[in-house]
Amino acid sequence: MRVSVIGGGTITDEEVETAAAVGRELGARGHTVVCGGRGGTMEAVCRGAAAERGTTIGILPGADRSLANEFVDVVIATGLGHARNALVPLNGDAVIALSGGVGTLSEIGFAGIYDRPIVGLDTHDVAGVEIETVGTPAAAVDAVEAAVDGEL
């Protein structure tokens, strides 16, 4: 399964550890991480997945593939700027939303438009968008697995 992980580009040390733990959990369970491919949440989740030999896909806002974080296996340069936020949730079977700003909020909105199951761990509460809130990285992965398995 591909799981899009969204969150802030600038995050605290605690948020780094949470994102890395989500990545480790996804990698250990054999899932592919899809993210924005840059720093912050994106780098931490990719680093976590890489530690468990998971596969990572980074969908970059710019045209320069060399700007992806070092833990991205498959780099997709878009040249779209913030419009690339539509592509991150589109390319996952489900979305795990972590803390972040307006970019994360826009990705949550697109996940809702694309009818992707969304699991939130310390993220936005958005009226009209169904987000299953959980308390741990393992619970987040359990929830996306259950949501996707339930759709099959």
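Rules of the game
- Residues numbered from 1 in each chain as written.
- Predicted model: local features only at pLDDT ≥ 70, side-chain atom pairs only at ≥ 80, totals over all residues.
- Heavy atoms only, no water.
- Helix = DSSP H or I, 4+ residues; strand = E, 2+ residues; numbered from the N terminus.
- Rg over C-alpha atoms; globule rule 2.2 N^0.38 Å.
- Buried < 20%, exposed > 50% of the residue type's maximum accessible area, 1.4 Å probe, protein only.
- Areas by Shrake-Rupley, 256 points an atom, 1.4 Å probe, with all protein chains shown as cover.
- Lys, Arg positive; Asp, Glu negative; His and termini not counted.
- Charge placed at Lys NZ, Arg CZ, Asp CG, Glu CD.
- Axes fitted to C-alpha atoms, helices over the stretch in contact; angles between N-to-C directions.
- Parallel < 35°, antiparallel > 145°, perpendicular 65-115°, else oblique.
- Left-handed = near helix turned anticlockwise from the far one by under 90°.
- Contact = heavy atoms within 4.5 Å.
- Nonpolar A, V, L, I, M, F, W, Y, C, P; charged D, E, K, R; others polar.

K.L.:
Explain the overall build of the chain to me, please; I cannot follow it from the model alone.
P.N.:
A count of helical and extended segments in the chain gives 5 helices and 7 strands. When the elements of the chain are put in sequence order from the N terminus, they spell out β-α-β-α-β-β-α-β-α-β-β-α. Over its C-alpha trace the chain gives a radius of gyration of 13 Å, about what one expects of a compact globule, namely 15 Å for 152 residues. With the principal axes as the frame, the chain shows a C-alpha extent of 35 × 30 × 30 Å. Taking all 152 residues of the chain together, 46% fall into the buried category. When the accessible surface of the chain is split by element, carbon and sulfur atoms take 49% of a total near 7,000 Å². Within the chain, the 21 negative side-chain charges are centred at a point lying 9 Å from the centre of the 9 positive side-chain charges.

K.L.:
Help me out: how do you make sense of the packing of helix α1 (residues 13–28) against helix α2 (residues 41–51) in this one?
P.N.:
Between two packed helices, both the angle of their axes relative to each other and the distance between the axes serve to describe the pair. Between α1 and α2, the least distance of the axes is 6 Å, while the angle of their chain directions is 40°. Relative to α2, α1 is oriented oblique. Judged by the sense of rotation from one axis to the other, the crossing of α1 with α2 is right-handed. Contacts between α1 and α2 involve Val16, Ala19, Ala20, Val22, Gly23, Arg24 and Gly27 from the first element and Thr41, Ala44, Val45, Arg47, Gly48 and Ala49 from the second. Here the residues of the contact of α1 with α2 sort into 7 nonpolar, 4 polar and 2 charged.

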